[in-house]
Every structure is written in structure tokens, then in C-alpha cells.
Amino acid sequence: MDNRLRELREQMGWSQAALAERLDVSRQTINALETGKYDPSLPLAFRIAKLFDEPIESVFIYHDP
Amino acid sequence: MNFRKRLWLGYAGIVVTFALALYGNHAGWSDTRIGFFTGMGTGLVVLVAFMHFAPRWWRDHCEEAYSSRASRDYRRRMWPAMILYTAIVFASTWLLKHYQMAIPLRAVIAVAPALPISFVMYAFLRYLRNVDEMQRRIEMEAVGIAALIVSQIYLAGGFLQLGKVIDIPSGVAMIWVFPLMCFSYAIGKFRATRRYR
């Protein structure tokens, strides 16, 4: 699953640590999300989408295997 | 406390524990007491060696993890329980060695050191609930890896014992389950963390 997290974060001018604080997760989790090494749970995915005021499907892009 | 300070604290711990073990040997302390300090010192040598040669990403991970609220809460609960455990182990072994007592009382005193360890386990459970979801996944993978490693060691050990190749006293084998779980958990955590870095 791809995501636009880095792009959205950079648009807001936030560091990984700042975004982590807003989402109440660790900076390492943000890094793992941005590099595609970790796919978030549904509640976290919704929190991310809500924070950036974007539909969830525009933040996380699912590809058929 | 940053990584470098913890490293120096580890070096200081090694010097103090081995100095105490050497002094105890010279002063005629009991083997249990000398063994305690030697064991602590050896454990610290392994820990400091790992800290010294750990890759940069692991140090960074530790720095961040140590400063998290969940980790602080865990340490706040874990350290008093471990200090209590150390005190109770000494008291329990001393009492069992020096006094004859009825079996029920003997059982209570013998099992007493397990009580503070249950506080440590509770603290770990709280930690698991308080960490963020990716860290929880890492922790669960680490616990799973630890369970598999320890099961494999004990299965192999059991077959070797049945085959009369080794002869480990059952008490020693049982006592070592928890420390082996902790050590295997550290290996598992290192491996699981690397996957998500």
C-alpha cells in the first residue's frame, strides 16, 4: 500500500516528530509509514486522513496484489 | 539520561560489581553472595558490549524509546520491583538455608521471589498497552520470537536429558526459563525493530 504521508506532511511544513506528536505515535512510526514499511491500523489511517482533511483513499493508495 | 551516560554507568557498574566480588572472595563471603556480584558483573559486561557495538539505528531507536511516556512508566514500575526481587531472593535463600520449617511455610518463603517478578510482568503488560501500535507490533513479534527460541531450547534440552547426554537439575532448568525469555526477547526485539527502521 502506498501513501502520500510525506508529501502531505511537507506541504504543512511539519517535521516527522511534529506529526508524530499530533497523531500521538512515535517518530519511528511516522518514518516507517512514510517509507512504506508499516501499514497503519484503520483508526490511525482515519486519524491521519482527518488531520490532513483528506479522504482516506487519497492518502492511502491500495494496489491489487 | 542519554546513551553515553548509560554506557558510562554500565562501565561503573562492571567495576563496582567485580570489585565487590573480588573483595568478597578475599574477605571470605559466601559463594552465593560472590556469585551474585559476579553474575551481575557478567550480565553488565554483555549489556555494555552490546551497547558499545550496537549499530547507530539501534542507538537512535533506544534514545527515542527511552524518552517515551510508556517506557518511563514501565521503568518507574519495573525498577522498584526488581530491587524488591533482589532483596527477597537474598532473604528467601538465607531463611531456607538457616532455618528448619514446616513445608507450607517453606513453600511460601521459597516462592516469595516470584511475587515481585509478577509486578514486572504486570508493568510489561501495561507497557504493551501504552505504546503506539507499531511499537506494540514490534513487541509482540519479539515476545513471539522469544517464546519460539525458549521452546526450542527446552525441547532440545529435554531430548538431550532423556538421552542422558546432559544432566541439568530441574530447579536450575525451571529458574532459567524467565531469564532466557528476557534474553531471547532482546534478540527478537532487535530483529523486529530492524524490519521497520
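First things first, this report covers the structure right here in the doc. (Residues numbered from 1 in each chain as written. Chains lettered and ligands numbered in written order. Predicted model: local features only at pLDDT ≥ 70, side-chain atom pairs only at ≥ 80, totals over all residues. Heavy atoms only, no water.)

Right, let's get into the pattern of salt bridges. Oppositely charged side chains can form a pair if their charged atoms are brought close together. On inspection of all chains with the given rule, the structure shows ten salt bridges over all chains. The salt bridge partner of Glu34 of chain A is Arg6 of chain A, with a shortest N-O separation of 3.7 Å. Of this pair, Glu34 of chain A sits in helix 3 (residues 27-34) while Arg6 of chain A is found in helix 1 (residues 5-12), placing the two residues 28 residues apart along the sequence. Two residues, Glu139 of chain B and Lys189 of chain B, come together in a salt bridge whose shortest N-O distance is 2.8 Å. Taken together, the positions of Glu139 of chain B in helix 7 (residues 133-162) and Lys189 of chain B in helix 9 (residues 177-196) put the pair 50 residues apart, joining distant regions of the chain. Note on accessibility: Glu139 of chain B and Lys189 of chain B belong to one class, buried. The network of salt bridges with shared partners includes Arg4, Glu7 and Glu54 of chain A. (Salt bridge = Lys/Arg side-chain N within 4 Å of Asp/Glu carboxyl O. Helix = DSSP H or I, 4+ residues; strand = E, 2+ residues; numbered from the N terminus. Buried < 20%, exposed > 50% of the residue type's maximum accessible area, 1.4 Å probe, protein only.)

The next subject is the packing of helix 1 (residues 3-27) of chain B against helix 2 (residues 31-53) of chain B. Residue and element names in this part refer to chain B. Relative orientation of the contacting elements helix 1 and helix 2 amounts to 155 degrees, with a least axis distance of 8 Å. Taken as axis vectors, helix 1 and helix 2 run roughly antiparallel relative to one another. Considering only the axes of helix 1 and helix 2, their crossing is left-handed. Of the residues assigned to the contact of helix 1 with helix 2, the class counts are 14 nonpolar, nine polar and one charged. (Axes fitted to C-alpha atoms, helices over the stretch in contact; angles between N-to-C directions. Parallel < 35°, antiparallel > 145°, perpendicular 65-115°, else oblique. Left-handed = near helix turned anticlockwise from the far one by under 90°. Nonpolar A, V, L, I, M, F, W, Y, C, P; charged D, E, K, R; others polar.)

The next subject is the side chain of Ser92 of chain B. Looking at the element boundaries, Ser92 of chain B is found in helix 4 (residues 69-98). Apart from residues no more than four positions distant in its own chain, Ser92 of chain B is found in contact with Ile109, Ala110 and Pro113 of chain B. (Contact = heavy atoms within 4.5 Å.)

Below, the discussion takes up the packing of aromatic side chains. Two aromatic rings, taken as a pair, are described by how far apart their centres are and by the angle between their planes. All names here are of chain B. On inspection of all chains with the given rule, the structure shows 17 aromatic pairs over all chains. Between Phe50 and Phe190, the ring centres sit 5.7 Å apart and the planes meet at 70 degrees, which makes this aromatic pair edge-to-face. A residue pair is termed long-range when its members are at least 10 positions apart, and Phe50 in helix 2 and Phe190 in helix 9 qualify at 140 residues. With centroids separated by 5.1 Å and ring planes inclined at 35 degrees, the aromatic side chains of Trp57 and Phe190 adopt a geometry described as tilted. Placement of Trp57 in helix 3 (residues 56-67) and of Phe190 in helix 9 is noted, with a sequence separation of 133 residues between them. Each member of the aromatic cluster is reached from another via a ring pair, and the members are Tyr23, Trp29, Phe36, Phe37 and Phe90. (Phe/Tyr/Trp six-rings, centres within 6.5 Å; stacked < 30°, edge-to-face > 60°.)

Once that is clear, we can look at a nonpolar patch on the surface. Nonpolar side chains collect at one region of the surface, where Ile168, Val172, Ile175 and Trp176 of chain B lie side by side and expose about 410 Å² of accessible area between them. The topology assignment puts Ile175 of chain B in helix 8 (residues 170-175). (Patch = residues over 30% accessible without salt bridge, like charges linked within 9 Å, V, L, I, M, F, W, Y side chains within 5 Å. Areas by Shrake-Rupley, 256 points an atom, 1.4 Å probe, with all protein chains shown as cover.)

Residues Lys37 of chain A together with Arg191, Arg194 and Arg197 of chain B make up a contiguous surface patch of positive charge. Overall, the relative accessible area of 44% leaves Arg197 of chain B in the partly exposed class. (Lys, Arg positive; Asp, Glu negative; His and termini not counted. Charge placed at Lys NZ, Arg CZ, Asp CG, Glu CD.)

This part is about the interface of chain A and chain B. The partner chain B presents twelve residues to the 13 residues of chain A that form the contact. Buried surface at the junction of chain A and chain B, summed over both partners, amounts to about 1,100 Å²; 40% is from carbon and sulfur atoms. Of all residues in chain A, Gln28, Lys37 and Tyr38 of chain A give up the largest surface area on contact with chain B, accounting jointly for 55% of the area buried on that side. Our enumeration of links across chain A and chain B arrives at one salt bridge. Here Glu64 of chain B makes a salt bridge to Arg27 of chain A, at a shortest N to O gap of 2.6 Å. Across the contact surface, chain A and chain B share seven residue pairs in polar contact (both at pLDDT 80 or more). When residues of the side of chain A that touches chain B are assigned to their parent elements, the largest contribution, five residues, is made by helix 3 of chain A. (Buried area = accessible area lost by both parts, 1.4 Å probe. Polar contact = N/O pair within 3.5 Å; in protein donor to acceptor, adjacent residues only side chain to side chain.)

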